[in-house]
Amino acid sequence: MAAPTAFLRLVSPKWNGGRRGFRDLSGVVTPEGNWRKRRTVLQFLSDHFYDVEFLREYLLRKQMQKVHLENGSYTRVQDIHGPDIAGAYFILKHGGAVKFRDMEWIRSDEWRSFIAGVSKFQAVPVEAVDASGCAINYHGLDNLLSLKELQSLSLQRCPHVDDWCLSRLYPLAGSLQELSLAGCPRISERGLACLHHLQNLRRLDISDLPAVDFPGLTQILVEEMLPNCEVKGTD
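Please read all numbers here as calculations on a predicted model, not as lab measurements. Here the residue numbers are simple positions, counted from 1 along each chain's written sequence. Local features are withheld for residues below a pLDDT of 70 in this predicted model, meaning they are given only at 70 or higher, and side-chain atom pairs are given and counted only at 80 or more; totals for whole chains, interfaces and linings count all residues. The basis for the side-chain values is all heavy atoms of the structure; hydrogens and waters are excluded.

Neither face of strand 3 (residues 97-100) is open: one carries Ala97 and Lys99, the other Val98 and Phe100, and all of them are buried. Here 2 bridges tie strand 3 to strand 4 (residues 105-106), and the two strands are oriented antiparallel to one another. Pairing of Lys99 across the sheet is with Trp105, part of strand 4. Joining the antiparallel neighbours strand 3 and strand 4 is a turn of 4 residues, in which Asp102 adopts a positive phi near 65°. Accessibility here uses a 1.4 Å probe with only protein chains present; expressed as a share of the type maximum, an area under 20% marks a residue as buried, one over 50% as exposed, and anything in between as partly exposed. Helix numbers and strand numbers start at the N terminus; a helix is a DSSP run of H or I with at least 4 residues, a strand a run of E with at least 2. In short, DSSP must find at least two bridges between two strands for them to pair.

Here it is as structure tokens:
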């Protein structure tokens, strides 16, 4: 029985080294009656696995390229409107939320109205950022590190926030009081050690970090490192 056509269309082209150039998996699958003449079952499974792995790696590379492009610095916006407007615009475009001082929270679905009325935010600093679940990476943090009066930052469940990202947070040490890293899959003990710069922190959430091998011990060490901070970890 031939392989389903819908499945074959998902397999990336593969170079066969012959005169025809590229062939896909459909060139490997043969009717049940003569499959022994072409390939053994083991050979077919080996080629099939290779093609699926190739496709998975290709899609992963495309995804990472997209994340990298979306994490560029908004330098033009910053030059025109200042770092707080640029940082807010970056977060809203990524699906997060921001709060300017003495104002209500602005959600991602309001970014167009935010741009339309940007003049009223011109001289008002951003004091809180909720980037929960946003695809922010090491480079994208450039848009937040100039927020000199940022007091609260939530990076919980951000899939690309890692130890290197935490090593970059020291410019926020003068103002940052609340930080949530809960559920970030790529943060380990090494990254948490970099938070010793943030001595003004009063609340820190490091719960549900799968890359931390010993969460209980890690919480104790973080509490010693930041004695004035309430650390939420394992309960």
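The residue Arg168 is located in the loop between helix 7 (163-166) and strand 7 (178-180) in this model. Among the residues examined, Arg168 registers a relative accessible area of 17% and is labelled buried. The term polar contact refers here to a pair of N or O atoms within 3.5 Å; inside protein, the definition further demands a hydrogen-donor-capable atom paired with an acceptor-capable atom, and it admits residues adjacent in sequence only when both atoms are side-chain atoms. One polar contact links Arg168 to Asp142, side chain to side chain, over a distance of 2.4 Å. Once you skip the residues sitting within four places of it in the chain, Arg168 turns out to touch Tyr138, His139, Leu141, Asp142 and Leu145. Only heavy atoms matter for contacts: two residues are in contact if any of them lie within 4.5 Å across the pair.

Here, the term nonpolar core denotes a set of buried Ala, Val, Leu, Ile, Met, Phe, Trp, Tyr and Cys residues that are joined through side-chain atoms within 4.5 Å. Ranked by internal contacts, the top residues of the largest apolar core, which has 51 residues, are Phe100, Leu153, Leu169, Leu179, Leu181, Leu192 and Leu204. Among the elements of the structure, helix 5 (83-93), strand 3, strand 5 (126-130) and helix 7 are those that each provide at least two residues to this core. The element that contributes the greatest number of residues to this core is helix 5, accounting for 7 residues. Ignoring sequence-local partners within four residues, the contact set of Leu179 consists of Leu153, Leu169, Leu195, Leu198, Leu201, Arg203, Leu204 and Asp205.

Another point: helix 5. Most of helix 5 is tucked away: 9 of the 11 residues are buried. Those residues of helix 5 not exposed but buried are Asp84, Ile85, Ala86, Gly87, Ala88, Tyr89, Phe90, Ile91 and Leu92.

One can find Thr75 in helix 4 (residues 75-81). Take Thr75: its relative accessible area is 47%, and that puts it in the partly exposed class. Placed 12 residues apart in sequence, Thr75 and Gly87 show a C-alpha to C-alpha distance of 10.0 Å.

The predicted coordinates ought not to be read in detail in places where the model reports low pLDDT. Within a predicted model, pLDDT stands for the predictor's per-residue confidence, ranging from 0 to 100. Per-residue pLDDT for the protein chain has a mean of 82; in total, 73% of the residues score no lower than 70. Between residues 1-30, whose pLDDT stays under 50, and residues either more than four places distant or in other chains, the model counts 36 contacts.

In this section: the sheet that holds strand 6 (residues 152-154). Ordered in space as 4-3-5-6-7-8-9, the 7 strands form an open sheet in which the pairing is mixed. Each end of this open sheet is capped by a strand with a single partner; those strands are strand 4 and strand 9 (230-232). In this sheet, strand 6 lies alongside strand 5 in parallel orientation, the contact comprising 3 bridges. Looking at strand 6, one finds that Val129 is bridged to Leu153. Angular values range over 0 to 180 degrees, each being the angle between N-to-C directions of two axes fitted as lines to C-alpha atoms, with helices fitted over their stretch in contact. Relative to the sheet, helix 5 contacts strand 3, strand 4 and strand 5, its axis offset from that of strand 3 by approximately 155°.

Moving on to unusual backbone geometry. Even without glycine at this site, Asp102 takes up a positive phi of about 65°. Structurally, Asp102 is set in the loop between strand 3 and strand 4. Given the relative accessible area of 73%, Asp102 is considered exposed. In the Ramachandran plot, Arg157 falls in the positive-phi region, its phi being about 65° despite a non-glycine side chain. Take Arg157: it is sitting in the loop between strand 6 and helix 7. Given the relative accessible area of 49%, Arg157 is considered partly exposed.

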